[in-house]
Amino acid sequence: MQKDTSPSSSDMANHAEDDDMVYIGDVEEVIDNFDGEEIKEENVMEMDTPELGDSVFVFTTHKLGSVFCGSLTKNGKLATTGGEEDKAYVWDTSTGEIVLDCVGHKDSIIYSAFNHDESLVATGDMSGMIQVWRLSNKSKIWDYNMGDATWMMWHPGTNVLLAGSVDGEVYMWKIPDGDCKILQGYGCRAETGAIFPDGKRIAVGYEDGIIKIYDLKTNTVLSTISSALSHSSTITTIDCHPDNNIVLSAAVDGKTIISTSKTGKIISVLQNLKNVEQNNVMDNDEEAENDEGNCDSNWVETAAFCKDPAFQVAATGTVNGEIFIWDIAKQILRQKIAQESGISKLVWKGNTSILFSAGLDGILRCFDGKNGECLRSFTGHVADILDLSISENGEKALTTSDDSTVRIFDISCVP
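Position labels on residues start from 1 in each chain and follow its written sequence. Totals for whole chains, interfaces and linings use every residue, but because this is a predicted model, local features are given only for residues with pLDDT of at least 70 and side-chain atom pairs only at 80 or more, for both listing and counting. Each side-chain value is derived from all of the structure's non-hydrogen atoms; neither hydrogens nor water enter the calculation.

**Student:** I'd like to hear about the nonpolar core, residue by residue, with values.
**Tutor:** Nonpolar cores are built from buried Ala, Val, Leu, Ile, Met, Phe, Trp, Tyr and Cys residues. Side-chain atoms within 4.5 Å join them into one set. Each residue's exposure class comes from its accessible area (1.4 Å probe, protein chains only) as a fraction of the maximum for that residue type: buried when under 20%, exposed when over 50%, partly exposed otherwise. Trp154, Leu161, Leu162, Trp173 and Ile202 are the most contacted members of the largest nonpolar core, which totals 33 residues. To qualify as a helix, a DSSP run of H or I must reach at least 4 residues; to qualify as a strand, a run of E must reach at least 2; elements of each kind are numbered from the N terminus. Of all the secondary structure elements, the ones that give two or more residues to this core are strand S8 (109–114), strand S9 (120–125), strand S10 (129–134), strand S12 (149–154), strand S13 (160–165), strand S14 (170–174), strand S16 (190–195) and strand S17 (201–206). At 5 residues, the largest contribution of residues to this core is made by S12.

**Student:** Which residues make up the pattern of salt bridges, and what values go with them?
**Tutor:** Two side chains that carry opposite charge are able to pair once their charged atoms sit near each other. One side-chain nitrogen of Lys or Arg within 4 Å of one carboxyl oxygen of Asp or Glu is enough to make a salt bridge. Enumeration according to the criterion identifies 8 salt bridges in this entry. The partner of Lys174 in a salt bridge is Asp177, with the nearest N and O atoms 3.9 Å apart. A salt bridge links Asp361 to Arg365, with the nearest nitrogen and oxygen atoms 2.7 Å apart. The buried category is assigned to Arg365, whose relative accessible area is 6%. One salt-bridge network, held together by shared partners, links Glu340, Asp361 and Arg365.

**Student:** How would you sum up the side chain of His231? Please name residues and give values.
**Tutor:** Residue position: His231 is located in the loop between strand S19 (221–225) and strand S20 (235–240). Any pair of residues with heavy atoms lying within 4.5 Å of one another is described as a contacting pair. Excluding its chain neighbours within four sequence positions, the residues that come into contact with His231 are Asp208, Gly209, Ile211, Ser226, Ser249, Ala250, Ala251, Asp253, Lys255 and Ile257.

**Student:** Please give an account of the packing of aromatic side chains that cites residues and values.
**Tutor:** Ring geometry is summarised as follows: Phe, Tyr and Trp rings, the Trp one being its six-membered ring, pair when their centres sit within 6.5 Å, and such pairs are stacked at plane angles under 30 degrees, edge-to-face over 60 and tilted between the two. Across all of its chains, the model carries 13 aromatic pairs by this definition. Relative to Tyr206, the ring of Tyr186 lies with its centre 5.0 Å away and its plane at 55°, an arrangement referred to as tilted. Taken as a pair, Tyr186 in the loop between strand S15 (180–183) and S16 and Tyr206 in strand S17 lie far apart in primary sequence, 20 residues in all. Residue Tyr186 is classed as partly exposed on the basis of its relative accessible area, which comes to 35%. The exposure class of Tyr206 is buried, given its relative accessible area of 0%.

**Student:** So what's going on with the UniProt feature "repeat: WD" (unreviewed entry) in the chain? Residues and values would help.
**Tutor:** Per the UniProt record, "repeat: WD" (unreviewed entry) is annotated on residues 102–143 and 378–415. Helix makes up 0% of residues 378–415 and strand 47%, whereas the separation of the span's terminal C-alpha atoms amounts to 15 Å. UniProt positions are given in the numbering used here, feature names are shortened, and annotations may be inferred rather than shown by experiment.

**Student:** Go over the sheet that holds S15 with me, naming the residues and quoting the values.
**Tutor:** For two strands to count as paired, DSSP must find a minimum of two bridges between them. The 4 strands lie next to each other as S12-S13-S14-S15, forming an open sheet whose pairing is antiparallel. With one partner strand each, in any of the chains shown, S12 and S15 form the two edges of the open sheet. For this sheet the average axis-to-axis angle between neighbouring strands, irrespective of direction, equals 20°. Strand direction decides the pairing type here: S14 and S15, joined by 4 bridges, are antiparallel. Directly across from Trp173, in S15, lies its bridge partner Cys180. Think of each axis as a best-fit line through the C-alpha atoms, taken over the contacting stretch in the case of a helix, with angles from 0 to 180 degrees between the N-to-C directions.

**Student:** How would you explain the pairing of strand S7 (residues 98–102) if you had to name every residue and give the values?
**Tutor:** Judged from the 4 bridges that link them, strand S6 (residues 88–92) and S7 form a sheet pairing that is antiparallel. Across the sheet, the residue bridging to Tyr89 is Asp101, located in S7. Here S6 hands over to S7 after 5 residues, with Gly96 in that stretch at a positive phi of 80°.

So this is what it looks like as structure tokens:
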């Protein structure tokens with residue numbers, strides 16, 4: 001039996017190397033005077049017939065363990081998901097029919113996504129095995145084993161696949177040829193990455209708090225955001241502004257920072273959750289007192305710029321369940337939202353001011369970013385939501401969970 005876990009920012013705080021897998025030999029279990037078959041049958045029935053809650057469809061084919069990742073096609077008709085059982089699927093979001101069974105992985109799937117024109121799907125696991133499949137004939141067209149991986153992503157405009165490694169290198173492959181370029185690391189784990197909207201550069205955040213901006217064509221470092229001036233520990237999230245000039249980053253040190261991509265200069269430290277006195281998000285002493293007790297174990301897990309050109313803000317979400325809406329031009333707090341649970345991912349709905357939050361209590365929430373009002377909560381999951389994807393047409397949301405299910409929600413009615 002092989003036991004896998006997905007990457008965790010809380011583990012990053014201790015700089016633990018959690019990606020080393022432990023293999024346990026086959027163990028013959030003898031159970032006397034116990035009717036296990038009856039219990040097994042009951043468990044299967046429970047998994048096969050989950051309650052819908054607010055979802056319009058529940059995908060239950062992932063039978064074992066957590067479902068770590070998922071994404072939707074632009075029209076929301078197909079999904080691809082992967083998880084702890086070492087398998088990924090492409091499936092119909094209305095019927096659950098399996099379109100493609102992505103076999104061949106031997107570790108937990110941490111990435112499963114469609115390319116820019118939805119002709120291909122890439123699946124990758126924690127051990128670094130990456131496979132690319134052509135949807136038209138359901139065939140595998142490329143694979144590669146890069147060693148222990150931390151993240152993967154498609155280029156938004158071409159068939160180029162990128163992946164970060166535990167050793168710090170960032171690999172870049174042209175698909176299906178397999179031509180490879182490597183952005184050299186410096187021995188520090190590459191924790192996360194974000195491609196700029198222009199598609200020419202990538203920001204990579206490392207375990208020691210450094211962020212580097214690379215030119216994807218020349219493989220050169222264009223600028224470095226030094227840990228001496230900004231983050232002092234593991235980068236948890238990065239996003240790049242639509243103007244291609246500003247980088248938003250957060251780390252386990254509790255800081256949220258805006259910097260420039262061209263020079264690496266720090267524009268503003270928006271907040272420091274580990275130092276309440278210097279934290280410019282607090283409007284009064286009462287709020288400071290409320291947050292002081294839990295600041296040591298709190299950091300921003302997810303961050304995203306709003307793409308509405310008339311609403312220049314960014315949202316950040318913490319592991320303690322706070323959402324902050326920041327005015328980017330003025331570098332001040334617009335809204336603070338207290339959620340009932342920690343937040344795993346924030347996603348803006350298209351180019352609107354509507355923000356979706358994936359909760360560690362299994363609830364998907366929808367907020368108006370302009371006034372902080374919770375417009376709706378979507379229930380159904382009975383464990384943490386781990387990933388969230390919204391279709392480009394704005395009609396469907398997909399959530400994956402520790403409860404082994406994937407849920408589809410109709411969000412077309414949300415303004």
